[in-house]
Amino acid sequence: METHPDIADIRARHESAERAASSPKVQAIDTLAFLTGLYLAASPWIAGFNGLTRLTVTNLIVGIAYALLMSGGFGRAYDRTHSMAWAACALGVWTIVAPWVVAGDVSTTRTVVSNVITGCVALLLALAASAAARQGEPGASRGKGGMYRAGPG
């Protein structure tokens, strides 16, 4: 059973994903994305706009979702998490537009500044994670310019 081609293929994919997850660049992306999500969740209290109840709740929910989405699977299954990274990109874009869509009257500059900067950082980190996941997909190019090589070699 140990020498069955399917078992060998699964083992090779697992080892490849494990090597990719141990890359310093990928670990940095995961850590920064998790911290960005935590900041987004706490930003109404940090930046001082928790009086805007709808935006406070939105940032809290989106921040927790982003932190869980970005840290909950990329290090374990890079070849299957490409769509999760695109969902995180959507959360980053939503964070940028949320002050106008959710709050309507944005009376504080810090609300806009906090959400736009955090949303841009979240979007960039999600795009970097998406690129890492894409390079880890089976059949991806084996070029040297990426974060890690696809496949067992």
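Here, every reference points to the structure presented above.
Structure report, in brief.

Rules behind the numbers
Within every chain, residues take consecutive numbers counted from 1 along the sequence as written. In view of the model being predicted, local features appear only for residues whose pLDDT reaches at least 70, and side-chain atom pairs are presented and counted only at 80 or more, with totals across whole chains, interfaces and linings using the full set of residues. Side-chain numbers come from the whole structure's heavy atoms, not from hydrogens or water. The convention used is that axes are lines fitted to C-alpha atoms, helices contributing only their stretch in contact, and that angles between N-to-C directions extend from 0 to 180 degrees. The helix count covers DSSP runs of H or I at least four residues long, the strand count covers runs of E at least two residues long, and both are numbered beginning at the N terminus. In this scheme, roughly parallel covers angles under 35 degrees and roughly antiparallel covers those over 145, while 65 to 115 is roughly perpendicular and the rest are oblique. Helix crossings fall into two classes, left-handed where the near helix is turned counterclockwise from the far one by less than a right angle and right-handed where it is turned clockwise. In what follows, a contact means two residues having at least one pair of non-hydrogen atoms within 4.5 Å. When residues are grouped by polarity, Ala, Val, Leu, Ile, Met, Phe, Trp, Tyr, Cys and Pro land in nonpolar, Asp, Glu, Lys and Arg in charged, and all others, Gly among them, in polar. What the bend at a residue measures is the angle between two axes, fitted to the seven residues ending there and to the seven starting there. Side-chain atoms within 4.5 Å are what join buried Ala, Val, Leu, Ile, Met, Phe, Trp, Tyr and Cys residues into a set we call a nonpolar core. Think of it in three bands: residues with accessible area under 20% of the maximum for their type are buried, residues over 50% are exposed, and the middle band is partly exposed, with areas taken using a 1.4 Å probe on protein chains only.

## Things to note about the packing of helix α2 (residues 24-47) against helix α3 (residues 53-71)
The N-to-C vectors of α2 and α3 enclose an angle of 170 degrees; their axes lie 7 Å apart at closest approach. Considered as vectors, α2 and α3 are oriented roughly antiparallel to each other. Crossing angle aside, the handedness with which α2 passes α3 is left-handed. On the side of α2, the interface is formed by Asp30, Ala33, Phe34, Thr36, Gly37, Leu38, Leu40, Ala41, Ser43, Pro44 and Trp45, while α3 contributes Thr56, Asn59, Leu60, Val62, Gly63, Ile64, Tyr66, Ala67, Met70 and Ser71. Of the residues belonging to the contact of α2 with α3, the class tally is 13 nonpolar, 7 polar and 1 charged.

## Observations regarding α2
Approximately 50 degrees is the largest bend angle found in α2, and it occurs at alanine 41, with the proline proline 44 only one to four residues beyond. Just downstream of α2, glycine 48 is the residue with a positive phi angle, here 85 degrees.

## Side note on the nonpolar core
Core analysis: the largest hydrophobic core is formed by 12 residues, namely Ile29, Ala33, Tyr66, Leu69, Met70, Ala85, Ala88, Cys89, Ala122, Leu125, Ala126 and Ala129. Sorting the residues of this core by element identifies α2, α3, α4 (82-101) and α5 (109-135) as the ones contributing at least two each. The element that contributes the greatest number of residues to this core is α5, accounting for 4 residues. Core analysis: the next-biggest nonpolar cluster, separate from the first, contains 5 residues, Ala47, Phe49, Ala98 and Val102 among them.

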